[in-house]
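Notes for the structure review
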Amino acid sequence: MDCQTALQMLEMHPTEVPTWRSVDQGSVQEHLVACALCQSAATEIHEWDTRIQSVMTTVPVPEGVRERLLAQLLKSSPAAAAQSIPQAPARRMLKWVVSGLSLSVALAAGLFFWSNSPSQMLTAEVGKSAAEMLARPGTPPAAFDRSFSVTLAEERWQRVCPAPPVGLDLDGRAGHDVAAYQVHIPSLRFRGWLVLVPVSRISDVPESQVPVSLDYSQIASWRDEKYVYVCVAEEGSLKTLIAQFSGASA
């Protein structure tokens, strides 16, 4: 068996396919043992098929794409359509076109999900951005759009945050990134905001489960299993608030 025939057989019937039981199988295997060039080609074919199989099982391809492509190719090639079994060059071309399309769709889908996935933020940046946006005069913040599930589990925070949360878009993508509750504690002469953001959105999740001041005195942060909390003071002493709430996790 010569190299051209062996390569055509490999393209048409990968060696790992269990249904390949033709009389030529032994000849191809014997040829591969003696031909280093064809061995290398067979390895490349196998690796490419493996990559395509992996992509096709991990990234969904839009329904009907493969069928529409095959139908269009057969329409544009009457000679190929007239044959019940395509010749090796045509089959090889069809295989690479379909594989290339599948890979392109997979890459495009991966890029889409990557570009639309939520970015992570720093705790201090969340506090600073939220403080600036909440202090702007004019149009008040919109009601929180429920882009993530949010609840105030601690009764003490429920008492001082009576109004529903507003939402802020900090990264420019669709949907609110944080939920902010207005805080009013008359006994401490304190007004401000309690900002909640999912732990998964924060790259430097605080270790403390009680309020701790950040670098600037008007913002404190802490965490629990679900959220990172950032408290922004507008009126009153943040130190007094921290002292009041430092006895247990908030």
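Residues numbered from 1 in each chain as written. Predicted model: local features only at pLDDT ≥ 70, side-chain atom pairs only at ≥ 80, totals over all residues. Heavy atoms only, no water.

1. Notes on the pairing of strand S2 (residues 178–185)
Every other side chain in a regular strand lies on the same face of the sheet, so the side chains alternate between the two faces. When you tally the buried positions in S2, you get six out of eight residues, the bulk of the element. Alignment of S2 against strand S3 (residues 190–198), held across seven bridges, turns out to be antiparallel. Each residue of the ladder has a partner; that of Gln-182, found in S3, is Trp-193. The hairpin turn running from S2 into S3, its antiparallel successor, is four residues long, and Arg-189 in that turn takes a positive phi close to 50°. (Buried < 20%, exposed > 50% of the residue type's maximum accessible area, 1.4 Å probe, protein only. Helix = DSSP H or I, 4+ residues; strand = E, 2+ residues; numbered from the N terminus. Pairing = 2+ DSSP bridges.)

2. With respect to the pairing of S3
For S3, the tally of buried residues reaches eight of nine residues, placing the bulk of the element in the interior. For S3 and strand S6 (residues 227–235), the ladder comprises eight bridges, and the chain directions are antiparallel. Bridge pairing links Trp-193 to Val-232 in S6.

3. Here's the deal with helix H9 (residues 238–245)
Looking only at H9, the buried set comprises Leu-238, Leu-241, Ile-242 and Phe-245. Seen end-on, H9 carries its buried residues on one side only, within an arc spanning 100°. Those residues of H9 that are exposed and angled more than 90 degrees off the buried face are Lys-239, Ala-243 and Gln-244. Contacts from the buried residues of H9 go to helix H8 (155–160), S2, S3, strand S4 (212–213), strand S5 (219–223) and S6. Its side-chain oxygen placed 3.3 Å from the backbone nitrogen of Lys-239, Ser-237 serves as the N-cap of H9. (Arc of directions from axis to C-beta. Contact = heavy atoms within 4.5 Å. Polar contact = N/O pair within 3.5 Å; in protein donor to acceptor, adjacent residues only side chain to side chain.)

4. Brief notes about the sheet that holds S6
A sheet is described by the order of its strands in space; here six strands give the open sequence S1-S2-S3-S6-S5-S4, paired in antiparallel fashion. At either end of the open sheet lies a strand with only one pairing partner, and these are strand S1 (166–168) and S4. Along the sheet face, helix H7 (residues 123–134) touches S1, S2, S3, S5 and S6 and points at about 40° away from the line of S6. (Axes fitted to C-alpha atoms, helices over the stretch in contact; angles between N-to-C directions.)

5. Quick word on unusual backbone geometry
Here Arg-146, not a glycine, exhibits a phi torsion of approximately 60°, which is positive. Considering the arrangement of structural elements, one finds Arg-146 in the loop between H7 and H8. Positive phi is not limited to glycine here, since Arg-189 has a value of about 50°.

6. Structural notes on the nonpolar core
Membership of the largest hydrophobic core comes to 25 residues, with the highest contact counts inside it found for Trp-157, Phe-190, Leu-194 and Leu-241. Apart from residues lying up to four places away in sequence, Leu-194 is in contact with Leu-152, Trp-157, Cys-161, Ala-179, Ala-180, Tyr-181, Val-183, Trp-222, Tyr-229, Val-230 and Cys-231. Grouped together as the second largest cluster of nonpolar side chains are 17 residues, Val-178, Val-197, Val-228 and Val-232 included. (Core = buried A, V, L, I, M, F, W, Y, C linked by side-chain atoms within 4.5 Å.)

7. Section: the environment of Asp-224
Following the sequence through the fold, Asp-224 ends up in the loop between S5 and S6. Separated by 14 residues in the primary sequence, Asp-224 and Val-210 place their C-alpha atoms 9.0 Å from one another. Among the polar contacts listed, one links the side chain of Asp-224 to the side chain of Tyr-229, at a separation of 2.6 Å.

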